[in-house]
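Structural characterization, general
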Amino acid sequence: MRGATHATSSVDRSRRRRGLMLVAAHTLWLWLLLPPASAITRGQIHHAPVAAVGLAAFALLYLALVAVPVADLPVRPALHHAGLVLLALLGIGLAAAYAGDPAGWLALLTYVCSAGAVGLIRASWGFGWVGGSVAAVLVIGAARRLAADDIAQMALITLLAGAMTLAFARVARLVDELRRTQRELARTVVERERLRFAKDLHDLLGHTLSLVVVKAEVVRRLAPADPGRAAAEAAEIERIGRTALAEVREAVTGYREHGFDRELDNARNALSDVGIMVTVRASGHLLDVEADDAFRWVLREGVTNVLRHSRASRCDIEVSTDAHGAVLTVRDDGVGGRPQPGNGLRGLTERLEQAGGTLHVGPARDGGLLLTARVPARQAVG
């Protein structure tokens, strides 16, 4: 549960960082407000102080409203919608008051259009907001008797800005939904495998352990009065225990999928089931026993990390052998970073050290995470 919470918080932080980058991009897009600002500083606008305060408030309110959806800020929808209405009233008021001045004040309605298109979740509301913004451009331009070419140009820019913003917001929501689905599928695959193994062990050991307990109680009661029969019952307990141990070993062997090749097939199927493209490359001769056993566990842990935490769309698995030994690499194109050392990585490191090998986990050169395991060739025995 703690690992799932950590993964969720990591995803939220990554989404927040991407949102802040988009807010920075919207800040750079405010260059269209430079002509009105320049006209104010040059004294070309009547009531310049009022216009300056209104323009500054408009820009700040626009950035705040854009930051709510793209950075996933915890703001109530009613408050956000009220801010959009205030932005629209402020933009329309400034454009209507100063549209006759040669400074391009109609551009404010483009920002009104963009803020509503990215902030309104319902598609019908978004289309209505874009249409209303274009209509406001046409009405204000006609009322202030601007040139028809200027009105048409600004109306087209507003329409295109709104349409592109609607398309971008739609794609962003679909991507987030796909990522949530992918994480849920990955969690379901892992949990289903755990439940299967737990059920197998429960079915395997439940009856056997109950029988052992009953036999042990019989031995305890018979030991003082009939040592011979108690010894026979103890021998029966030993036989039951050995049988159970053999059955457990068979179950665990089946769970391990009988070697690296079967684990590789299992990894390919698990990744493909959650929509991750898998590429497998192999070169050299067959793996020896130590490398096969170590790489099986490394591949399982690496694929589990890809499924749980990477949010990757591609995973490359490569295994190669030569006279010096064997190398296994698992590379994904996910969020990357350097994972925190947990029980899984520590266990893999210990397994590889027992085989004389090494494990390295870190960010890949082109993004994502790279896991590299090396096992040296076994020395020839004279």
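A few points on the structure. Just so it is clear, the model here is predicted, and its values are computed rather than measured.

1. Focus: the pairing of strand β1 (residues 277-283)
Two strands pair when backbone bridges link them, and β1 and strand β2 (residues 314-322) are joined in this way by seven bridges, in the parallel orientation. Bridge pairing in β2 links Val280 to Ile317.

2. Notes on the sheet that holds strand β4 (residues 358-363)
Reading across the sheet, the five strands line up as β1-β2-β3-β5-β4 and stay open at both edges, with mixed pairing between neighbours. The sheet is open, and its two borders are formed by β1 and β4, each paired with just one other strand. Geometrically, the sheet is characterised by an average inter-axis angle of 10° between neighbouring strands, direction not taken into account. Summarising the sheet, strand β3 (residues 325-332) and strand β5 (residues 369-376) pair through seven bridges and their orientation is antiparallel. Across the sheet, Leu328 pairs through a bridge with Ala373, a residue of β5.

3. Section: the pattern of salt bridges
Scanning the model with the defined rule gives seven salt bridges in all. Note that Glu236 is salt-bridged to Arg239, the shortest N-O span being 2.5 Å. Here Glu236 pairs with Arg239, and both are found in helix α8 (residues 227-255), just three residues apart, close to one helical turn. Since its relative accessible area comes to 25%, Glu236 is described here as partly exposed.

4. Section: the pairing of β5
Counting buried positions along β5 yields six of eight residues, so the element is predominantly enclosed. With six bridges joining them, β4 and β5 adopt antiparallel strand pairing. Directly across from Pro363, in β5, lies its bridge partner Leu369. Remark: five residues form the turn of the hairpin made by β4 and β5, two consecutive strands paired antiparallel; Gly367 in that turn has positive phi of roughly 100°.

Conventions and cut-offs
- Residues numbered from 1 in each chain as written.
- Predicted model: local features only at pLDDT ≥ 70, side-chain atom pairs only at ≥ 80, totals over all residues.
- Heavy atoms only, no water.
- Pairing = 2+ DSSP bridges.
- Helix = DSSP H or I, 4+ residues; strand = E, 2+ residues; numbered from the N terminus.
- Axes fitted to C-alpha atoms, helices over the stretch in contact; angles between N-to-C directions.
- Salt bridge = Lys/Arg side-chain N within 4 Å of Asp/Glu carboxyl O.
- Buried < 20%, exposed > 50% of the residue type's maximum accessible area, 1.4 Å probe, protein only.

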